[in-house]
Amino acid sequence: MNNATLKTSSHSAYRLYYHLVLSMKYRHKCLSAPMLNRLDSLMRDLLIKWRCEMVEFGGEADHVHLLFEAPPTVKPSDLVRNLKSVSARHMRKEFAAELAPFYWKPYFWNSAYALISVGSRANIETLLRYIENQDDPRKMVKPLD
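Nothing here was measured: the structure is a model prediction, and the numbers come from that model.

Engineer: Quick one: what's the story with the side chain of Glu69, residue by residue and with numbers?
Structural biologist: The residue Glu69 is located in strand S5 (residues 63-69) in this model. A distance of 3.5 Å separates the side chain of Glu69 from the side chain of Lys7, its partner in a polar contact. Among the polar contacts listed, one links the side chain of Glu69 to the side chain of Arg15, at a separation of 2.9 Å. Ignoring any residue separated from it by four or fewer positions in sequence, one finds Glu69 in contact with Lys7, Arg15, Leu16, Tyr17, Cys52, Glu53 and Val55.

Engineer: Provide a residue-level description of the environment of Leu42, including the pertinent values.
Structural biologist: In this fold, Leu42 is placed in helix H1 (residues 33-49). Under the relative-accessibility criterion, Leu42 is labelled buried at 7%. When neighbours within four sequence positions are excluded, Leu42 is seen to be in contact with Ser87, His90 and Met91.

Engineer: Run through unusual backbone geometry, naming residues and quoting values.
Structural biologist: Although it is not a glycine, Tyr26 sits at a positive phi angle of roughly 60°. Looking at the secondary structure, you find Tyr26 in the loop between strand S3 (17-24) and H1. Owing to a relative accessible area of 48%, Tyr26 belongs among the partly exposed residues under this scheme. Within the chain, Arg51 stands out as a residue other than glycine whose phi angle is a positive 65°. By the secondary structure assignment, Arg51 is in the loop between H1 and strand S4 (53-60). On the basis of relative accessibility, which here comes to 55%, the residue Arg51 falls in the exposed class.

Engineer: I'd like a description of the nonpolar core, backed by residues and values.
Structural biologist: Soluble, globular proteins show a tendency: their nonpolar side chains are buried together. Grouped together as the largest cluster of nonpolar side chains are 32 residues, with contacts concentrated most on Leu39, Met43, Val64, Leu66, Phe108 and Trp109. Elements represented by at least two residues in this core include exactly S3, H1, S4, S5 and helix H2 (76-94). At seven residues, H1 tops the list of elements feeding residues into this core. Beyond its immediate stretch of four places on either side in the chain, Val64 contacts Leu20, Val21, Leu22, Leu31, Leu36, Leu39, Phe57, Gly58, Gly59 and Trp109.

Engineer: Could you give an account of helix H4 (residues 124-132), naming the residues involved and the relevant values?
Structural biologist: Given 3.6 residues per turn, any residue in an α-helix points the same way as the ones three and four places further on. Within H4, burial applies to Ile124, Leu127, Leu128 and Ile131. The buried side chains of H4 occupy one side of the element, clustering within an arc of 105° when seen end-on. For H4, the secondary structure elements touched by its buried residues are S3, S4 and S5.

Engineer: Any chance you could break down the sheet that holds S5 for me, citing the residues and the numbers?
Structural biologist: A sheet is described by the order of its strands in space; here four strands give the open sequence S4-S5-S3-S6, paired in antiparallel fashion. Strand pairing shows two members of the sheet lacking a second neighbour, S4 and strand S6 (109-117), which therefore form its edges. Pairwise comparison of adjacent strand axes, ignoring direction, gives a mean angle of 15° for this sheet. Here seven bridges tie S3 to S5, and the two strands are oriented antiparallel to one another. The partner of Tyr18 across the bridge, within S5, is Phe68.

Engineer: So, the pattern of salt bridges: which residues are in play, and what are the values?
Structural biologist: Summed over all chains, the structure comprises eight salt bridges. For the salt bridge of Glu53 with Lys7, the shortest nitrogen-to-oxygen distance reads 2.9 Å. With Glu53 in strand S4 and Lys7 in strand S1 (residues 7-9), this residue pair connects regions lying 46 residues apart in the sequence. Judged by its relative accessible area of 40%, Glu53 is partly exposed. What makes Lys7 partly exposed here is its relative accessible area of 28%. In this structure, the salt-bridge partner of Arg81 is Asp78, at a minimum N-O distance of 3.1 Å. Of the two residues, Arg81 and Asp78 both sit in helix H2, three residues apart, roughly one turn of that helix. Connected through shared salt-bridge partners, Lys7, Arg15, Glu53 and Glu69 make up one network.

Rules used throughout
Residues numbered from 1 in each chain as written. Predicted model: local features only at pLDDT ≥ 70, side-chain atom pairs only at ≥ 80, totals over all residues. Heavy atoms only, no water. Helix = DSSP H or I, 4+ residues; strand = E, 2+ residues; numbered from the N terminus. Polar contact = N/O pair within 3.5 Å; in protein donor to acceptor, adjacent residues only side chain to side chain. Contact = heavy atoms within 4.5 Å. Buried < 20%, exposed > 50% of the residue type's maximum accessible area, 1.4 Å probe, protein only. Core = buried A, V, L, I, M, F, W, Y, C linked by side-chain atoms within 4.5 Å. Arc of directions from axis to C-beta. Pairing = 2+ DSSP bridges. Axes fitted to C-alpha atoms, helices over the stretch in contact; angles between N-to-C directions. Salt bridge = Lys/Arg side-chain N within 4 Å of Asp/Glu carboxyl O.

Dropping the structure here:
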């Protein structure tokens with residue numbers, strides 16, 4: 001990733017990175033490796049539809065991190081609302097049995113979220129290392145039986 005080069009559109013040059021953190025409703029530790037893989041895929045596809053680009057995705061059992069780039073025409077709050085609603089709908093449908101012990105109502109994401117523009121205190125490389133080093137269940141080695 002070359003973050004020194006600006007992206008351009010017809011009347012603007014930009015480089016806008018965002019760090020989005022979404023947590024599970026009630027902070028339940030219910031995300032498994034297959035769920036995180038599916039969320040990664042869903043979020044990447046949704047960001048493409050918004051003309052955005054996923055830089056990194058990571059997570060743990062109770063939350064996920066997305067580092068993405070967006071054009072200045074995208075309203076961040078609308079994008080986050082869409083990411084949360086579409087991903088929740090797919091996850092509740094595709095992983096209904098796994099989520100049933102945690103949510104008896106159609107819940108998935110916490111209503112709150114954190115959206116941080118990147119570039120002031122932490123540079124992009126620092127943030128990439130932070131997200132890559134999450135205790136991601138997909139990276140965990142199963143103990144010997």
